[in-house]
Amino acid sequence: QFLSLCAPLTQEHPEVLPFLSSRHLRAHPDFRGSAEFRNILGRLLRRVQGRRRKVYVYINELCTVLKARALRRRLPLRPLCPPASNQCPAGAAQCPHGACQCPPSSSHAPSQCPSAPSQCPSGSSREPGASPRRTGGSRRQIRHLEHLLRVYAGEIRRLQERELDLAELDSADSPYLQENRLKRRMMRIFRRLCQLKECSSLTGRVLEQRIRFRGTRYPEVNRSIERFINRPDAFPDYSDILREIRGASARHGLGLGRRQMENMAQEAFREVGNRLQERRHLDLVYNFGSHLTDQYRPG
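Residues numbered from 1 in each chain as written. Predicted model: local features only at pLDDT ≥ 70, side-chain atom pairs only at ≥ 80, totals over all residues. Heavy atoms only, no water.

Trainee: Where do I start with the side chain of arginine 279 in this structure?
Mentor: Checked against the element boundaries, arginine 279 lands in helix α12 (residues 258-287). Once residues lying within four places of it in the same chain are set aside, the contact partners of arginine 279 are Val206, Leu207, Gln209, Ile211, Ile229 and Asn230. (Helix = DSSP H or I, 4+ residues; strand = E, 2+ residues; numbered from the N terminus. Contact = heavy atoms within 4.5 Å.)

Structure below.
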């Protein structure tokens, strides 16, 4: 239906629709049969019907979505090349790379050819004037990922504005689950974009702030507990805190007794639990909401 609608609008460029069809065939079969793809296609279909002059813009948006879900081909691994020999062969008039001169074949020819790697460099060594390889991404990659973020953000807003019935709540492809999947994909794209731009992926959320623990009078125990509670998605229980105290005491030879470690673990567990709970509560307060209620101001 989308192709039949776009066919009379793209007669000046007949190569556009075959390209779109090839993108559709390369997409993952699970995505092509999902409700998410049907929703995206229906939205673009309504936009083309309303604004026919921008048909190429909507085709490009659909191609971008299909390209992001294309099947990835795994390239075969190449075997490693054997290391090149640094010694000049006997009877050779020249080294393999022309770096040293060797006398003609004789009984003591091998001993006269130098075998230092600096005198017979391999062809794979980097030249002095060669520029280092760039680690960041190209502008085209960055623009593509930024465009994907905008597309997914618009789809998430549309899902949030959609009205639900009771039957959709029990569906395995409900708008809530679609929104959750899109947000996870946006986070993966955001981390990849930060890698290409060579910048930090920290967003300033309260959950990303490090907790400083000074609950005991032993710095070794404090450092061990602090490392443990600042792990991603960490919410330790009493046994975890006790295990960290026992490990720190054994590693640093603190000589703590069993009763002393248990009392220390109880106090540290209460303090750690309160601070983690407070941090999660503040993160919920700062980030909870929706664009549908941003303009609402209670009287």
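Alright, that's what it looks like, and here's the rest.
Trainee: Got a minute to help me understand the confidence of the model for the protein in this structure?
Mentor: Note: predicted coordinates in regions of low pLDDT should not be interpreted at a detailed level. For the protein, mean pLDDT is 76; residues scoring 70 or higher make up 75% of the total. Element-level mean pLDDT values for the protein span from 40 in helix α6 (residues 109-112) up to 93 in helix α11 (residues 238-252). Below pLDDT 50 for its whole length, residues 81-133 participates in 39 contacts with residues either more than four positions away or in separate chains. (pLDDT = per-residue confidence, 0-100.)

Trainee: How should I be thinking about a nonpolar patch on the surface in this particular structure?
Mentor: The grouping of Leu164, Leu166, Leu169 and Tyr176 at the surface amounts to a nonpolar patch, some 430 Å² of accessible area in total. For leucine 169, the location among the structural elements is in helix α8 (residues 166-169). (Patch = residues over 30% accessible without salt bridge, like charges linked within 9 Å, V, L, I, M, F, W, Y side chains within 5 Å. Areas by Shrake-Rupley, 256 points an atom, 1.4 Å probe, with all protein chains shown as cover. Salt bridge = Lys/Arg side-chain N within 4 Å of Asp/Glu carboxyl O.)

Trainee: Just to check I follow, could you spell out the environment of valine 55 for this structure?
Mentor: The topology assignment puts valine 55 in helix α5 (residues 55-68). A residue is classified by how much of its surface remains accessible, and valine 55, at 1% relative accessible area, is buried. Taking the C-alpha atoms as reference points, valine 55 and threonine 10, separated by 45 residues in sequence, lie 8.0 Å from one another. Excluding anything up to four places from it in sequence, valine 55 contacts Cys6, Leu9, Thr10 and Val48. (Buried < 20%, exposed > 50% of the residue type's maximum accessible area, 1.4 Å probe, protein only.)

Trainee: Any chance you could explain the pattern of salt bridges here in plain terms?
Mentor: Opposite charge on two side chains permits pairing when their charged atoms draw close. Across all of its chains, the model carries 14 salt bridges by this definition. For arginine 243, the salt bridge goes to aspartate 240, with nearest N and O atoms at 2.9 Å. Separated by 3 residues within a single helix, arginine 243 and aspartate 240 lie in helix α11, roughly one turn from each other. Of the residues examined, arginine 243 reaches a relative accessible area of 46% and is grouped as partly exposed. Overall, the relative accessible area of 15% leaves aspartate 240 in the buried class. A salt bridge links arginine 258 to glutamate 262; the shortest N-O distance between them is 3.1 Å. On the criterion of helical spacing, the pair formed by arginine 258 and glutamate 262 is a turn pair, its members being 4 residues apart in helix α12.

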